[in-house]
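A structural walkthrough
So the chains spell out like this:
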Amino acid sequence: MNALVPLPVLLPLCVTGLKLAIGPRLQRFQRFITLAVLGAVLVLSVLLMVAADRHGPLTVHLGDFAPPIGITLVADRLAGLMLTVSSAVTLLVNLYSLGQGMADRDDRTPVGVFHPAYLILVAGVSCTFLAGDLVNLYVGFEIMLVASFVLLTIGGTATRVRAGSTYVIISLFSSVLFLVAIAMTYAVAGTVNLAQLAVRLQEVPVGVRTLLEAMLLTVFAIKAAVFPLAAWLPDSYPTAPAPVTAVFAGLLTKVGVYSMLRTQTLLFPGHRLGDLLMLAALASMVIGILGAVAQTDLKRVLSFTLISHIGYMVFGIALAGRGSISGAIVYVAHHITVQTTLFLVAGLIERRDGTTELTRLGGLARTAPLLAVLFFVPAMNLAGIPPLSGFIGKLGLMRAGVDNGGGWAWALVAGSAATSLLTLYVMAKVWNLAFWRDAPPGAEHEGVVLESAEDEPDDDGSDDSDGSDGSDGEAGEATGGRGAAAGSGLPVPAGAVVPAGFLGQSITTTRRLPWPMLVATGAAVFLGLLYTVLGGPLTTFTEAAAAELLARTPYIEAVLGR
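Residue positions are given per chain, counting from 1 as you read along its sequence in written order. For a predicted model such as this one, the threshold for reporting local features is a pLDDT of at least 70, and the threshold for listing and counting side-chain atom pairs is 80 or more; totals across whole chains, interfaces and linings nevertheless cover every residue. Remark: hydrogens and water are excluded; side-chain values derive from all non-hydrogen atoms of the structure.

Let's shift gears to unusual backbone geometry. In this structure, proline 228 follows phenylalanine 227 across a cis peptide bond, with omega equal to 10°. For the peptide bond that leads from proline 386 to proline 387, omega is 0°, which places it in the cis range. For alanine 225, which is not glycine, the phi dihedral falls at a positive 65°. Along the chain, the position of alanine 225 falls in the loop between helix H8 (206–224) and helix H9 (233–236). Helix and strand assignments come from DSSP, with helices taken as H or I runs of at least 4 residues and strands as E runs of at least 2, each series counted from the N terminus.

The next subject is the packing of aromatic side chains. Each Phe, Tyr or Trp ring, with Trp reduced to its six-membered ring, pairs with another whose centre is within 6.5 Å; inter-plane angles below 30 degrees give stacked pairs, above 60 give edge-to-face pairs, and intermediate values give tilted ones. Under the defined criterion, the tally for this structure stands at twelve aromatic pairs. Aromatic pair phenylalanine 141 and phenylalanine 220: ring centres 6.1 Å apart, planes at 40°, arrangement tilted. One end of the pair, phenylalanine 141, is in helix H5 (residues 134–152); the other, phenylalanine 220, is in helix H8, and 79 residues separate them in sequence. Note on exposure labels: buried denotes an accessible area under 20% of the residue type's maximum, exposed denotes more than 50%, and partly exposed covers the range between, all computed with a 1.4 Å probe on protein chains only. What makes phenylalanine 220 buried here is its relative accessible area of 0%. Of the aromatic side chains, those joined through ring pairs into one cluster are Phe375, Phe376, Trp431, Phe435 and Trp436. Note on criteria: charge over ring means Lys NZ or Arg CZ within 6 Å of the ring centre, with the direction from the centre no more than 35 degrees off the ring normal. Against the face of phenylalanine 141 rests lysine 223, its NZ or CZ located 5.1 Å from the ring centre.

The biggest cluster of nonpolar side chains holds 167 residues, and the ones touching the most others in it are Phe178, Phe248, Ile329, Phe375 and Met427. It is helix H13 (residues 322–353) that provides the largest number of residues to this core, a total of 16 residues. Pairs of residues are marked as contacts when any of their non-hydrogen atoms sit within 4.5 Å. Residues within four places of isoleucine 329 in sequence aside, it is in contact with Leu78, Leu81, Met82, Leu261, Thr542, Ala545, Ala546 and Leu549. For this analysis, a nonpolar core means a set of buried residues of the types Ala, Val, Leu, Ile, Met, Phe, Trp, Tyr and Cys, connected via side-chain atoms within 4.5 Å.

Bringing the pattern of salt bridges into the picture now. Here, a salt bridge means any side-chain nitrogen of Lys or Arg that lies within 4 Å of a carboxyl oxygen of Asp or Glu. Tallied over the full model, the rule gives five salt bridges. The shortest N-O distance in the salt bridge between arginine 77 and aspartate 53 comes to 2.8 Å. Of the two residues, arginine 77 is situated in helix H3 (residues 77–100) and aspartate 53 in helix H2 (residues 27–55); the sequence distance between them amounts to 24 residues. Here aspartate 53 falls in the partly exposed class, since its relative accessible area comes to 33%.

Turning to the packing of helix H1 (residues 7–22) against H2, a few remarks are in order. Note on geometry: axes are lines fitted to C-alpha atoms, helical ones only across the stretch in contact, with angles between N-to-C directions running from 0 to 180 degrees. One way to put it is that H1 packs onto H2 with a least axis distance of 9 Å and a crossing angle of 175°. Taken as axis vectors, H1 and H2 run roughly antiparallel relative to one another. Of the residues in H2, those in contact with Leu7, Pro8, Leu11, Pro12, Val15, Leu18, Lys19 and Ile22 of H1 are Phe29, Gln30, Arg31, Ile33, Thr34, Val37, Ala40, Val41, Leu44 and Leu48. Gly is put with the polar residues, along with every residue not named as nonpolar or charged; the nonpolar set is Ala, Val, Leu, Ile, Met, Phe, Trp, Tyr, Cys and Pro, and the charged set is Asp, Glu, Lys and Arg. Partitioned by chemical class, the residues of the contact of H1 with H2 number 14 nonpolar, two polar and two charged. Roughly parallel means an angle under 35 degrees; roughly antiparallel, over 145; roughly perpendicular, 65 to 115; everything else is oblique.

This part takes up the confidence of the model for the protein chain. pLDDT is a per-residue confidence score from the predictor, ranging from 0 to 100. Residues with a pLDDT of 70 or more make up 84% of the protein chain, whose mean pLDDT is 82. Here residues 102–111 is modelled with pLDDT under 50, and outside its nearest four sequence neighbours on either side it reaches 37 contacts, counting other chains as well. Taken together, the stretch residues 451–507 has pLDDT below 50 and engages in 157 contacts with residues farther than four places along the chain or on a different chain.

This next bit is on the packing of helix H11 (residues 274–293) against helix H12 (residues 298–319). In the contact formed by H11 and H12, the axes pass within 7 Å of each other and the chain directions differ by 160°. In terms of orientation, H11 lies roughly antiparallel with respect to H12. For the pair H11 and H12, the sense of crossing is left-handed. In this structure, H11 contributes Gly274, Leu277, Met278, Ala281, Ser284, Met285, Gly288, Ile289, Gly291 and Ala292 to the contact, and H12 contributes Val301, Phe304, Thr305, Ile307, Ser308, Gly311, Tyr312, Val314, Phe315, Ile317, Ala318 and Leu319. A breakdown of the residues in the contact of H11 with H12 according to their chemical character gives 15 nonpolar, seven polar and no charged. Crossing handedness follows the turn of the near helix against the far one: under a right angle anticlockwise gives a left-handed crossing, and clockwise gives a right-handed one.

A few words on the side chain of threonine 341. Following the sequence through the fold, threonine 341 ends up in helix H13. Given a relative accessible area of 1%, threonine 341 falls into the buried group.

Attention shifts here to the side chain of threonine 356. Residue placement: threonine 356 occurs in the loop between H13 and helix H14 (364–367). A relative accessible area of 4% means that threonine 356 is categorised as buried. Not counting chain neighbours up to four residues away, the residues in contact with threonine 356 comprise Thr296, Asp297, Leu298, Lys299, Ala346, Glu350 and Leu361.

Another aspect to go through is a nonpolar patch on the surface. Each patch is assembled from residues with relative accessible area greater than 30% and no salt bridge, linking like charges that lie within 9 Å and nonpolar side chains (Val, Leu, Ile, Met, Phe, Trp, Tyr) that lie within 5 Å. For every accessible area listed, the method is Shrake-Rupley and the probe measures 1.4 Å; residues are considered covered only by the protein chains on display. A cluster of nonpolar side chains, namely Phe227, Val286, Ile287 and Leu290, defines an oily patch on the protein surface of about 300 Å² accessible area. On the secondary structure map, phenylalanine 227 appears in the loop between H8 and H9.

This part is about H13. An α-helix turns once per 3.6 residues; consequently, residues spaced three or four apart project the same way. Given the number of residues in a helix, its expected span is that number minus one, multiplied by 1.5 Å. The first and last C-alpha atoms of H13 sit 46 Å apart over 32 residues, in line with the 46 Å expected at 1.5 Å per residue. Counting buried positions along H13 gives 30 out of 32 residues, so the element sits mostly inside the fold. Positive phi appears at glycine 354, one or two residues downstream of H13, with a value of about 80°.

Looking at the element boundaries, valine 533 is found in helix H18 (residues 515–533). Residues valine 533 and serine 389, 144 residues apart in the sequence, show an inter-C-alpha distance of 8.6 Å.

So, about the environment of threonine 90. Take threonine 90: it is sitting in helix H3. On the basis of relative accessibility, which here comes to 4%, the residue threonine 90 falls in the buried class. Sequence separation between threonine 90 and glycine 250 is 160 residues; the distance between their C-alpha atoms is 9.3 Å. Ignoring any residue separated from it by four or fewer positions in sequence, one finds threonine 90 in contact with Leu38, Tyr118, Val122, Val247 and Leu251. Each polar contact in these results corresponds to two N or O atoms within 3.5 Å; when the atoms are within protein, one needs to be able to donate a hydrogen and the other to accept it, and residues that are neighboring in sequence are counted only if both atoms are side-chain atoms. Of note is the side chain of threonine 90, whose polar atom sits 3.0 Å from the backbone oxygen of serine 87.

Bringing helix H6 (residues 158–189) into the picture now. Over its 32 residues, H6 extends 46 Å from the first C-alpha to the last, a length consistent with the 46 Å expected when each residue adds 1.5 Å. Taken from the residues just after H6, glycine 190 is the one with a positive phi, measuring 75°.

We now examine the environment of alanine 189. The residue alanine 189 is located in helix H6 in this model. You can call alanine 189 buried: its relative accessible area is 12%. Sequence separation of alanine 189 and glutamine 202 is 13 residues, and the distance between their C-alpha atoms is 9.8 Å. With residues up to four places along the chain from it excluded, the contact list for alanine 189 reads Leu197, Arg200 and Leu201.

In structure tokens, the structure reads:
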């Protein structure tokens, strides 16, 4: 079983090489192998999670070089669960992107872009979850950075390049800080292997250990968008295409949370910066949700709720008890799925009505009842309405805070309750404006051009004229060739209203949404509900994972063979 550990990283990278060799040819085959490899990664992740639960952490020393020389990959309960949830989400988002026609422009470019970049992103996420040393954790972050910049700026529009530049600058700063922290750690301990560091850092002077802890926490807090290091997120994520925004919101910030969870429990037990983490958690929850209250665009609303709910996870890490760590793990799994689902729904709304600006929406509960259900269920889940999984995670965290009994713990419990109520208010506000009230005059247009060959190159994609990838040509989806207004040969500016039909690279709104987009979103909603149905086994698993993390011995013995 140990031989399976590297495969979630290697499979996407190998298939990426194959896709780049094929180039823009065999588009349907390329889409098939992308789905196939993501499905295979999901199966492998489940197998690793089950094996780690039954037999303890699984380890591989690549090249059979023992630490600290070789590369070590470790799959314990936490890594297995994160791999499983992230693999399921990336598979669904990829299906959604195929329905949207995300990568259809690849057949008109020298090298296909979307699918290779997406698979590299998946490999980076897997590498981060499995990394057994700080250097390979850094490598996983950099793989994600390269792929995410390509995906964030896909299409080359001015708005996306500007937002992507901000994202890259912040990410590069955190990467440089991470390298400095790694160099200092190696200078102090003579190794970067996590298991060896867990032993050797206990002999390092307290002041030096606290400095290393602060530097690593700063790096991971930037990646996780913890306040006050989260200002980059609301301006970066909403500009990207819907599938990209969804997978970024669901996964990339959680990789930072995972890294905080791993290093705080393994390298810095009884950490001295607990009060600072509690303050950051409280500030993230309260300020993030207040930012969401002030927004009128659905994507920006969801971006601020993302920052807010990262605070719940940091809450659990800061308390550093078995109950709080278990609650944090449950909440990470829950939030990856629910936040991704809500951004997918936002993409459906934009595809149907041409905007996510709440003041220009209305009447969707009557005109699109399926879309209303797809939004309502994850929205209530995010707000923590019983008995949904959001409530299970929040209840575990709040119980851990009450059991702790400290002043900061009680402040976090109160902040958690207030944030949940404000999240419910925000979701109710979105429901009332976009779904419940009547549509404002002039809000309903069939064939509003979202992006065109002239204004914003085709990055949300278009579908082939034969209606492949699940798009329905008769429903007026945008497809193939140069942008032209109903066959006139003239580019169509974004924002124009034109008859439904084949509009070159222009992407138009349509009342008939492609079925793969609906199926993928519905499956994501179902996955969120599955956490509720399996709430008992899930919490049992996360409690075992928390106990394993706090014990540290199983991880150290599995890696060092003691």
